[in-house]
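Analysis of the macromolecular model
Listed here are the chains, written in short residue letters.
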Amino acid sequence: MIGPEEGHFALALACVVALAQFVLPLYGASRHDRRLLALAPLLAVSQFIALALSFFCLVWSATHDDFSVQNVADNSAIAKPLLYKITGTWGNHEGSILLWTLILGLCGAAVALFGRGLPAILRARVIAILGGVSAGFQLFCLLTSDPFARVWPAPTDGRGMNPLLQDPGLAFHPPILYTGYVGFAVPFAFAVAALIEGRVDAAWGRWVRPWAVAAWSFLTCGIALGSWWSYYVLGWGGYWFWDPVENASLIPWLTGTALVHSSIVVEKREALKIWTVLLAIATFSFSLSGTFLVRSGILNSVHAFANDPARGVFILGLLAVVIGGSLLLFAWRAPALVSGGLFAPFSREGALVLNNILLCSICAVVLTGTMYPPFMQLLFNRTISVGKPFFDAATIPLTIPLLAAMALGTMLPWKRAHARPVLRRLRLAAACAVIALGVACWTLSGLMPILCAVGAVWVIAASLTDLAGRLGLSHFNAAHTLARARSLPRSAFGATLAHIGAGVTVLGLCGMAQAQHAIVEVRPGHTETLGGYQWTLLGVHEAKGPNYTSLIADIAVRRHGRLVTVMHPSKRDFAAQSQTTTEVSIRTNLLWDLYSVIGDRHGAGSAATYVLRLHVNPLAPWMWLGGLIMAIGGFLSLSDRRLRVGAARRTAQVRGVAAE
């Protein structure tokens, strides 16, 4: 039988296994006990199986309308579509924490199954650290956020899901975002294991990099999907609102991007070891902090979960143990790590260091702007807000040199570079940037958007130039170029795509800086002009959906008298939840979006007027297209066998274990 009792038992069993996974392999590593070391992968896989069963039981309860489960009664309903009954299991606090632990268990099982090339002691320590973190979250589930808590008497129907969450984009946004968040637990575990061992080398960098790239790719997808959802569901006409919880996902993305680049330096040059270990700890720490901020009640956000203080206190204690413990270990053991190869400032290593400095500077700005208001409220009882003007003014000046460094770094050799050959290779990219400057001055307004657009074109052109140089497009025939393309590592194509995606996203942001919008109140038949288009409200009618009623507007959009499209924005009234949502209508050609929203109705009958929000958004699709390209670049890099296989075993250590 499958039910909530079985799910609760499986969760408790997973917690016990996770505690064993934490204790036994660490003890075995300290004693060089082969039996305990061999037990680590088995425990990791067993924990994941138990968590998968527990999560399946929660999904089963939701899809079978078991309203005796409090979580199902609060977040589901009989009339709710099946897709949202399934995805609604993680659209709430308790279910999202269970999903978090499931993905964390998956990470441990992945290390167990795909980390066979790792030294036995390092592998056991990594799995043990993952088990300890997982045990903490499972205790959080069991003690303060039980997804299988019962309610009696059971209601005949549930309250239903928040209508804003009944959307395919947001339905799949949390699992992808959480995979990015939780995925950084693996580099964190590698960092802690390396500190315990007191050794970081090129092999360690090569082992860490694929896990960091995988987590970064999923986090990129999750952030882009959430931004897209905000754009087409909330009806505010924007894509990023510098909301505190949005920032909580951006912060680990910035340090995670720095981690991906610094791990390359560790692998190639055995430099930046201490810095890379610190980045691995910081990135996962920021991921955990984001979880605390969402669930503690500190941040006032449309994304935050309703909660009670006990949950915030528990997570705060867990953060103190995980983050505080790892930082104490870093302070104790990091000085013992031997520094690696030296390099000149003007080199690929130097460019990557500059990349890291700028990314972490942007991270510091976002972190300060996000945390300053709650700290002022807590310490001085003063309510202040930090919004878009601050973040734009503080981050854009740091983004422009970051774009310049991105383009330059791809052209520089390792260890030491000479200016003349590099500048020669950058001639075409520089010409493209000059052309972009002329176009930007003609089409864009504002110094910062112009500079960012030029920087984006500079990055894209330099990335393509570097790839063309690797392929020998200017020196060899087509057959030879094709042969070089086949021999070139897929990670090289992935890095090029990721940089191009970053440039495309920045171009989309520059285009959105030129967006035009208007809020008008009109009667049917009235025409408004915006952005060179004529918007005519043809009429408004009502329709009935499966669990809502809709008010739908018909808006004809013309340009120079020619019909471009007819748009149908709507408002949906969910009676069960006493909530109204907007359904945006968007017409796009990938160069611009026509965007319309219907608001309140005033009056009745033929005298009724309707509030419309109208937007013309240039290059809006490029923001999410760029995010998709970046993520594809990351996944393409992961498909490179040389990146997935990792480095060879540390022979001396393996022999030492085998001798026990």
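All values reported here derive from a predicted model rather than from experimental measurement.

Analysis parameters
- Residues numbered from 1 in each chain as written.
- Predicted model: local features only at pLDDT ≥ 70, side-chain atom pairs only at ≥ 80, totals over all residues.
- Heavy atoms only, no water.
- Helix = DSSP H or I, 4+ residues; strand = E, 2+ residues; numbered from the N terminus.
- Buried < 20%, exposed > 50% of the residue type's maximum accessible area, 1.4 Å probe, protein only.
- Contact = heavy atoms within 4.5 Å.
- Expected span 1.5 Å × (residues − 1).
- Bend = angle between axes of the 7 residues up to and from the residue.
- Polar contact = N/O pair within 3.5 Å; in protein donor to acceptor, adjacent residues only side chain to side chain.
- Phe/Tyr/Trp six-rings, centres within 6.5 Å; stacked < 30°, edge-to-face > 60°.
- Lys NZ or Arg CZ within 6 Å of the ring centre and 35° of its normal.
- Axes fitted to C-alpha atoms, helices over the stretch in contact; angles between N-to-C directions.
- Parallel < 35°, antiparallel > 145°, perpendicular 65-115°, else oblique.
- Nonpolar A, V, L, I, M, F, W, Y, C, P; charged D, E, K, R; others polar.
- Core = buried A, V, L, I, M, F, W, Y, C linked by side-chain atoms within 4.5 Å.
- pLDDT = per-residue confidence, 0-100.
- Salt bridge = Lys/Arg side-chain N within 4 Å of Asp/Glu carboxyl O.
- Pairing = 2+ DSSP bridges.
- Lys, Arg positive; Asp, Glu negative; His and termini not counted.

**Here's the deal with the overall build of the chain**
Tallying secondary structure elements over the chain gives 22 helices and ten strands in all. Taken along its principal axes, the extent of the C-alpha atoms in the chain is 90 × 75 × 60 Å. In the chain, which comprises 660 residues, the share counted as buried stands at 54%. When contacts within the chain are restricted to residue pairs at least 6 apart in sequence, those whose partners lie at least 24 apart make up 73%.

**A short note on helix H2 (residues 34-63)**
Each α-helix turn comprises 3.6 residues. Residues three or four places apart therefore point the same way. Compared with the 44 Å implied by 1.5 Å per residue over 30 residues, the 45 Å span of H2 between its first and last C-alpha is a close match. Remark: the principal bend of H2, roughly 25°, maps to Ala40, with a proline, Pro41, within the next four residues. For H2, the N-terminal cap is Asp33; the gap from its side-chain oxygen to the backbone nitrogen of Arg35 is 2.9 Å. After H2 finishes, the residue Asp65 shows a positive phi value of roughly 55°.

**Remarks on the packing of aromatic side chains**
This structure, assessed with the given rule, holds 17 aromatic pairs. Note on Tyr231 and Tyr595: the rings are 4.9 Å apart at their centroids and 50° apart in plane angle, and the pair reads as tilted. Here Tyr595 lies in strand E9 (residues 592-602) and Tyr231 lies in helix H9 (residues 202-233), a separation of 364 residues in the sequence. As far as burial versus exposure is concerned, Tyr231 and Tyr595 are alike and both buried. An aromatic cluster is present here, built from Trp100, Phe137, Tyr178 and Tyr181 joined pairwise through their rings. When the ring centre of Trp414 is taken as reference, the NZ or CZ atom of Arg348 above it lies at 5.6 Å. A cation sits over an aromatic face here: Arg559 above Tyr533, 4.6 Å from the ring centre.

**Points about the packing of helix H7 (residues 168-183) against helix H8 (residues 185-197)**
Direction vectors running N to C along H7 and H8 enclose 5°, while the axes themselves pass 5 Å from each other. Judged on the interaxial angle alone, H8 and H7 are roughly parallel. When H7 is examined against H8, the residues Tyr181, Val182 and Gly183 are found in contact with a partner set consisting of Ala185, Val186 and Pro187. In terms of residue class, the contact of H7 with H8 is built from five nonpolar, one polar and no charged.

**A look at the nonpolar core**
Counting 142 residues, the largest nonpolar core has Phe190, Trp204 and Val277 as the members making the most contacts within it. Those residues in contact with Val277 that lie beyond four places of it in its chain are Ala191, Leu195, Val200, Trp204, Phe330 and Leu337. Tyr533, Leu537, Ala553 and Ala608 belong to the second-largest nonpolar core, a separate cluster that totals 19 residues.

**Thoughts on the confidence of the model for the chain**
Per-residue confidence for the chain gives a mean pLDDT of 86, with 93% of residues at or over 70. Contacts for the low-pLDDT stretch residues 645-660, under 50 throughout, to residues beyond four places or in other chains number 34 contacts.

**Overview of the pattern of salt bridges**
Tallied over the full model, the rule gives 14 salt bridges. The partner of Asp33 in a salt bridge is Arg35, with the nearest N and O atoms 3.6 Å apart. With a shortest N-O distance of 3.8 Å, Glu542 and Arg601 are connected by a salt bridge. Here the residue Glu542 occupies a position in strand E3 (residues 533-544), and Arg601 occupies one in strand E9, the gap between them amounting to 59 residues. Classification of Glu542 by relative accessible area gives exposed; the value is 58%. The structure contains a network of salt bridges with shared partners spanning Arg206, Arg209 and Glu267.

**A short note on the environment of Val338**
Note that Val338 resides in the loop between helix H12 (309-333) and helix H13 (348-380). Residue classification places Val338 among the exposed residues on the basis of a relative accessible area of 60%. Separated by 165 residues in the primary sequence, Val338 and His173 have C-alpha atoms spaced 41 Å apart.

**Looking at H7**
For H7, with 16 residues, the first-to-last C-alpha span of 23 Å sits near the 22 Å given by 1.5 Å per residue. Most pronounced at Pro174, the bend in H7 amounts to some 25°. Among the 16 residues that make up H7, twelve are buried, leaving the element largely enclosed by the rest of the structure. Among the residues of H7, those classed as buried are Gly169, Leu170, Ala171, His173, Pro174, Pro175, Leu177, Tyr178, Gly180, Tyr181, Val182 and Gly183.

**Details of the environment of Val353**
Relative to the helices and strands, Val353 resides in helix H13. On the basis of relative accessibility, which here comes to 22%, the residue Val353 falls in the partly exposed class. Residues contacting Val353, with those up to four places away along its chain left out, are Leu272 and Phe343.

**Brief notes about the sheet that holds strand E8 (residues 585-588)**
Pairing within the open sheet is antiparallel, and its four strands lie in the order E1-E10-E9-E8. Looking at strand neighbours, the two that pair on one side only are strand E1 (516-522) and E8, the edges of this open sheet. Taken over all neighbouring pairs, the strand axes of this sheet differ in orientation by 15° on average, direction set aside. In this sheet, strand E10 (residues 609-618) lies alongside E1 in antiparallel orientation, the contact comprising seven bridges. Across the sheet, the residue bridging to His517 is His615, located in E10.

**Description of the side chain of Arg348**
By secondary structure assignment, the location of Arg348 is in helix H13. Put simply, Arg348 is tucked away with no salt bridge, and the nearest opposite charge, on Asp466, sits 4.9 Å away. Other than its neighbours up to four places away in sequence, Arg348 contacts Gly409, Thr410, Met411, Leu412, Pro413, Trp414 and Arg470.

**Comments concerning unusual backbone geometry**
Most of the time, phi is negative for any residue but glycine, and the peptide bond is trans. Cis geometry is adopted by the peptide bond preceding Pro153, which originates at Trp152 and carries an omega value of 0°. On the secondary structure map, Pro153 appears in the loop between helix H6 (120-144) and H7. The backbone of His560 sits at a positive phi, close to 55°, despite the residue not being glycine. Within the secondary structure, His560 is located in the loop between strand E4 (549-559) and strand E5 (562-567).

**Concerning the pairing of strand E6 (residues 570-574)**
Sheet topology places E4 next to E6; four bridges connect them, and they run antiparallel. Across the sheet, residue Leu551 finds its bridge partner in E6, namely Lys571. As defined by bridge partners, E6 adjoins strand E7 (residues 579-583) across five bridges and the pair is classed as antiparallel. By the bridge assignment for E7, Lys571 is matched with Thr582.

**Notes on the side chain of Asp593**
Structurally, the position occupied by Asp593 is in strand E9. Side chain to side chain, Asp593 and Thr588 meet in a polar contact 2.6 Å long. Residues within four places of Asp593 in sequence aside, it is in contact with Tyr231, Ile586, Arg587, Thr588, His615, Val616, Asn617, Ala620 and Pro621.

**Concerning the pairing of strand E2 (residues 527-530)**
Bridge analysis of E2 against E3 gives four bridges, and the strand direction is antiparallel. When the bridges of E3 are listed, Glu528 appears paired with Trp535. The hairpin turn running from E2 into E3, its antiparallel successor, is two residues long, and Gly531 in that turn takes a positive phi close to 60°.

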